[in-house]
Amino acid sequence: MSGDWRLRVDRSRCMGTTICASTAPSGFEIDGRGQSQPTAEIVAPADEVMSAAQLCPVEAISILLAATGEELFPGAE
Ligand code: SF4
């Protein structure tokens, strides 16, 4: 769908707090190295996914509009 989101986790920043995965298990999971990764490359928009991105203490999560690549979070400075 045109409104779908592409999720990115900057693994050089992720500290493995698990906050994102517990806030939005539909969007994030913790891998075998104890770091977060998106559950899928493209996900349906969900409030819990946006909340997880906002709650990440090291701002490791980006949300892009899949169709255009527009950055929805954190967005332009
Ligand atoms: S909330 Fe941020 S630091 Fe914590 S696991 Fe998720 S991406 Fe990593």
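A brief structural summary. For every chain, the first residue of its written sequence is number 1, and the numbers climb from 1 along that sequence. Predicted model: local features are reported for residues with pLDDT of at least 70 only, side-chain atom pairs are reported and counted for 80 or more only, and whole-chain, interface and lining totals are derived from all residues.

1. What about helix α2 (residues 47-55)?
Thought 1: Buried, partly exposed and exposed are defined by the number of other C-beta atoms within 10 Å of a residue's own C-beta, namely 20 or more, between the two limits, and 12 or fewer respectively, with C-beta atoms placed from the backbone. Labels follow the DSSP assignment, with helices taken as runs of H or I lasting at least four residues and strands as runs of E lasting at least two, numbered in each case from the N terminus. Those residues of α2 that sit buried are V49, A52 and A53. End-on view of α2: buried residues confined to an arc of 100°, all on one side of the axis.
Thought 2: Looking at the buried positions of α2, the neighbouring elements they touch are β1 (5-9), α1 (19-23), β2 (28-30), β4 (42-43), β5 (61-65) and β6 (71-73). Comment: arc refers to directions from the helix axis out to C-beta atoms. Remark: residues whose backbone-derived C-beta atoms lie within 7 Å of one another are considered to be in contact.

2. Some words on the environment of P74
Thought 1: Along the chain, P74 turns up in the segment after β6.
Thought 2: A tally of 13 C-beta atoms within 10 Å means that P74 is categorised as partly exposed.
Thought 3: It is 17 Å that separates the C-alpha atoms of P74 and V43, two residues lying 31 residues apart in sequence.
Thought 4: Here P74 is in contact with E59 and S62, once residues within four sequence places are set aside.

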